[in-house]
Amino acid sequence: MKIEFSSLSKVLNGEITQLRKETHIENIFIDSRNTVVNTKNLFIAIKGDRHDGHKFIEELYFKGIRNFIVDKEIAVSNFPEANIFKADNSIEALQALAGYKRKKFKGTQISITGSNGKTIVKEWLGKLIESVYSVYRSPRSYNSQVGVPLSLWHLNHYQDYAIIEAGISKVGEMEKLEAIIKPKIGIYTNLGTAHDEGFPSLEEKAHQKAQLFKDSSTIIFCKDFPEISNALHNLPKLEEKEFIGWSFEDNTSNYFVETEERENGTAIRIPFHDQFHIFQVPFKDYASLENITHCLLLLLHEGFPIKIIQNTLNDIRSLNMRLETKKGKNNTYLVDDSYNNDLVGLDTALQFFAQQKQYQKRILILSDLLETGLSPEVLYRQLSERLASEQLDLVIGIGNAIKLLEKTYDGATIFFSDTISFLDYEKENSFREALILIKGARKFSFEYIVQRLEQKIHGTILEIDLNKITHNLNFYRSRLKPNVKTMVMVKAFAYGSSSHEIANWLEFQNVDYLAVAYADEGVVLRQHGIELPIMVMNPDPRSFDLLHQYNLEPELYSESIFKDYASYTKNQKSKLKIHLKLDTGMHRLGFESNEKGLLKELLKQNPQLKVASIFSHLAASDEAIHNGFSAQQAMSFKKSADEIIDFIGYKPLLHLLNSPGISRFPDYQFDMVRLGIGLYGVDPTGIHSNHLKSVSILKTVISQVKKIKKGETIGYARKGYANEDMKTATISIGYADGFNRKFSQGIGKVLINGKLAPVIGNVCMDMTMVDVSNIDCNAGDEVIIFGDNPNISDMASAIDTIPYEILTNISERVKRVFYTE
C-alpha cells in the first residue's frame, strides 16, 4: 500500500518540481518537531493560522528529510538532493494521499462521530474487536481535517477492521472527511454543545455531522437525541441503509435497551434480531452506559460470539487511554502509556517522549508488539529503524518476540521474558535521574511496572490536561493581532500546576517568552532543559550570579535595583537583556512617570544593558467598571514607552495586557501579551469563560466511612454535630494540601459518585470529613475536590477569594499527573 514519489502527480493536484531519487514513501509528517528523520519519509508543509511548515523545510533538509510537499514557491536549488512536489493545496494533498490509502484497504471501515465519547467508543470497540480480529484504530484524538488523513495513512492490508474518529468544528468540513474515510459502518455517539459557535443551530450541527454516513450501509445511533435521528433520516439513499436506532427511554423502539444497576456495575439487556442479550458491564454512569451500548450493538451486528464479548467486557474498565507523565522514585520521570502497544501508538508515544526534557538519560521499557500482521523479522527490523532515530540510552524489552530486536538494533538493550522477571531485576538495579517511557501490551500488565517505579505520595492528585492547556493557549492566540507575541507566566509553581512540566509543554507549543517571579524558579526551568527566554519579575542582588549563569533576564523596576544590576554587569563585554517596568497606576513596582529622566540617565550610563521589553501592569482589567482607568494606564504607558524608545534609538517589545486584559482590551496588545490564569481555564472577566477549558482536576479518595448517631459530634472542637443519624466519609485531603480551612462547616462541597457532599466540622491538616448520608460510597472511592463540578471559580466564591489563590495554594506534596489524550 506504499506509493512512489513519482506517482504523486497521479493522485494529487499539482506537479513534481524536482525528482532526484525515486522513493517509496513510508510515513508522512506535518509537524517538523515530530518528524522522524528517514530518507523515505515525507514532510507536508502546511500553512496554518499560527505556524507555517514551509519555514522548517531548510531545517528538516539539513537533518536528512528528502521528500517534501509544498503549496508555496520555494527555492528548489537550495535543496539539491530533495524530491519536491508543489501541490495546489497542502491540506488537500494530505487528504488525497489518505484517500489513496483508504481505497487500497479491503477490511471493514468503521467511523465514529458525535459531540462526546468518540475516543472512548473507538478504544473500547478496538479492545472488543481485537479479541477476534486484527483491528486498526486511529491514534488518540486524531479526528480533525489533518488528524483523520494522518490516521488513514497507517491502514494496512492485513487489518480486518479499521476504526476512525471524525470531528468537525464548522459547516462544510465533514464532506471532506467523508470523501476519504468512506465508512461502511457508522456510529453517531451523541450531540452536545462542543463547537456550537461553528454552526447556526443544533439541527444544522447534527446535519453536518451526519454527512459522514451518506454512503454507509449501517448506522448505529441513540434515538434519544431527536436531532440526530432527524439528520440521519434525511440522508440520501435511505433504502440502502440499515438504521440501528436504540433508546434508553422509548420502550416501543425495536432496540429498547434496559439497564439494571448491580453491585459491581450494570446489567444491560439489548434486543437484536428477535433475541435478547444480557451483558454485565463494570459501569454505572450514564455516559459509559451510552458508549458501551454503541459498541455492543456493533458487535452484535457483526456476529461476534456472545461469550467472547462478555469475557472481553470484564477487562474494559481498567483501560486508561491517556498518556501521562508523573514523578518516579529516585529523581526519575515516567511517561506512562501502558494501556496498549502497536506501531502507530508507539510512534505517538515516542513523539511525546522526545518533547520531555526533565533529564538527559532516556530509557524505553517496551513489550512485544502484538497483532501487527507483520512477520516478527519484518516487525522488529522496522522497530529497530524507528528506535535508531531516538536518543535512547537503554531499551528494555519484555516478552519473547521482542528479543529479535537485538539482531538489528545497535543501542544498549536488556531483555526479560516477562514482567515479573523485570521487577525482580529492578529491585537490585533501580533507575536514577532518568526519563522512562513505559509502553506495553495489556497482557504484560505494565501497570505493575508503573506502580513500582512511581513516586509514592498520598492519594491526593492534581491532574493537568495538556490538551486543554493547548486549547486555552490557542484560544487566546486567536484573539491576538498578527505578529503579537505571547509571554506565559509560570510563576508560583505555574499557578500550582508544576512549572517545568508546563514550561516544557509551552516550549513545544512555540510560545515566545516565559516569566517567573524569582530567579530560583527560572533556574529550575533551565535545569530541566527549558531554552525559551525567561523574564524574572522580582530579582534580588543575591541572585545576580544565577541570572548570569542561567541566562535569565531581570525586570528592573526602581533606581536601586537598576544601579545594583548595572554595577554587577559593568565589566560585561556582551550586552545583557533587561526588562523595564513602568508604574502607570498599579503602584506596586515600576518607575514612576516623573522618573523618566532618571531612567534615561541610567540607560545612558550603562550601554552593556539592552532593553528587551518595556511593560506595565493593568490594575483592574478584570472589572468593566474600571475600563476608563485602564485606558488612562494604556495611554500613559504608550507615552512613556515612546519617549524611552526615542532616547535609546531602538524598539524593544512593549507589553501591557494580562489574561483579563487580553479579553477586554484588544486595542492595547502592543507587541506582546502576558498570559497567566487564562491558560488554566479561568477568565476573570467572564467574557470568554464558555470558550475556555478547565485544565485541572484535584481529586482524592475516601479513607473511611462512618455511621454517626444523632447527637454525636465530628472533628476538632466538636464543630460538626449530627442532628440525626448520619453517615460521614473521611477524605484524604486537608489544609496542608491546600484545601482551605474556610471550607469547614458546610461551606465547602466535594463530588462523590456524582453527588455533592458538604464538609462537616472543621477541615483538618491532612483529612476532612464530609456528609455522605445520601450517597452510596465506600472507602477507596474517588472524590473530586474541583473540576467541572464543583469548579474552581465556585470554590473561590464560596470562601470569598479568587481562583488564583485556590490554585497556588495546592501543596507540593500533592502529586501532579500530566496527561494528553
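Let us look at the structure shown here. Within any chain, residue numbers begin from 1 and follow the written order of that chain's sequence. This being a predicted model, a pLDDT of at least 70 is required before a residue's local features are given, and a value of 80 or more before pairs of side-chain atoms are given or counted; all residues contribute to the totals for chains, interfaces and linings. The side-chain numbers reported here are obtained from all heavy atoms of the structure, hydrogens and water having been left aside.

1. A word on the overall build of the chain
Step number 1: Along the chain, the regular secondary structure elements total 26 helices and 41 strands.
Step number 2: For 821 residues, the compact-globule formula gives about 28 Å, and the C-alpha radius of gyration of the chain, at 29 Å, lands near that figure.
Step number 3: Looking at the chain as a whole, 56% of its 821 residues are labelled buried.
Step number 4: In this analysis, two residues are considered to be in contact whenever any of their non-hydrogen atoms come within 4.5 Å of each other. A separation threshold of at least 6 residues defines the contact pool for the chain, and within that pool the share at least 24 residues apart is 66%.
Step number 5: A total accessible area of about 35,200 Å² is found for the chain, and carbon and sulfur atoms account for 46% of it. Helix and strand assignments follow DSSP, with helices taken as H or I runs no shorter than four residues and strands as E runs no shorter than two, numbered in order from the N terminus. The quantity called the radius of gyration is restricted to C-alpha atoms. Its globule counterpart is 2.2 Å times the number of residues to the power 0.38. Think of it in three bands: with a 1.4 Å probe and only protein chains considered, a residue is buried below 20% of the maximum accessible area for its type, exposed above 50%, and partly exposed in between. Each accessible area value is a Shrake-Rupley result obtained with a 1.4 Å probe; residue values ignore everything except the protein chains displayed when judging cover.

2. Thoughts on the nonpolar core
Step number 1: Buried Ala, Val, Leu, Ile, Met, Phe, Trp, Tyr and Cys residues that are joined via side-chain atoms within 4.5 Å together make up what is termed a nonpolar core. Ranked by size, the top nonpolar core spans 119 residues in total, and within it Leu506, Leu514, Phe562, Leu580, Ile614 and Ile752 carry the most contacts.
Step number 2: The element that contributes the greatest number of residues to this core is helix H23 (residues 627-648), accounting for seven residues.
Step number 3: Not counting residues up to four positions away in its chain, the partners in contact with Ile614 are Leu580, Leu582, Phe637, Ala641, Ile644, Ile645, Pro652, Leu653, Leu654 and His655.
Step number 4: Formed by 66 residues, the second largest nonpolar core is a distinct cluster that contains Ala98, Val148, Ala162 and Leu177.

3. Details of a nonpolar patch on the surface
Step number 1: Residues enter patches when they are more than 30% accessible in relative terms and free of salt bridges; like-charged ones are connected within 9 Å and nonpolar ones (Val, Leu, Ile, Met, Phe, Trp, Tyr) within 5 Å. Throughout this description, the term salt bridge denotes a Lys or Arg side-chain nitrogen within 4 Å of a carboxyl oxygen of Asp or Glu. Taken together, the side chains of Val132, Tyr133 and Ile308 define a hydrophobic patch exposed on the protein surface, amounting to about 220 Å² of accessible area.
Step number 2: Take Val132: it is sitting in the loop between helix H4 (118-129) and strand S9 (135-137).
Step number 3: Judged by relative accessible area, which is 35%, Val132 ranks as partly exposed.

4. Topic: the packing of H4 against helix H9 (residues 286-301)
To characterise two packed helices, one gives the angle between the axes of the helices and the distance between these axes.
Step number 1: Axis lines are fitted to C-alpha atoms, over the contacting stretch for helices. Their N-to-C directions set the angle, which ranges from 0 to 180 degrees. Close contact between H4 and H9 brings their axes to 10 Å; oriented N to C, the two are set at 40°. Relative to H9, the element H4 is oriented oblique. In the crossing of H4 with H9, the sense of the turn from one axis to the other is right-handed. Along its contact with H4, which presents Ile120, Val121, Trp124, Leu125, Leu128 and Ile129, the element H9 presents Ser288, Asn291, Ile292, Cys295, Leu298 and Leu299.
Step number 2: A breakdown of the residues in the contact of H4 with H9 according to their chemical character gives 10 nonpolar, two polar and no charged. By the definition adopted for this analysis, an angle is roughly parallel if under 35 degrees, roughly antiparallel if over 145, roughly perpendicular if from 65 to 115, and oblique otherwise. For any helix crossing, the convention is left-handed if the near helix is rotated counterclockwise from the far helix by under a right angle, and right-handed if that rotation is clockwise. Throughout this entry, Asp, Glu, Lys and Arg are counted as charged residues, while Ala, Val, Leu, Ile, Met, Phe, Trp, Tyr, Cys and Pro are counted as nonpolar. The remaining residues, Gly among them, count as polar.

5. Points about the environment of Asn291
Step number 1: If you trace the backbone, Asn291 turns up in helix H9.
Step number 2: Relative accessible area serves as the criterion here: at 7%, Asn291 is assigned to the buried category.
Step number 3: A sequence separation of 173 residues divides Asn291 from Lys118, and the C-alpha atoms of the two residues are 8.5 Å apart.
Step number 4: If near-sequence neighbours (up to four positions away) are discounted, Asn291 is found in contact with Gly117, Ile120, Val121 and Trp124.

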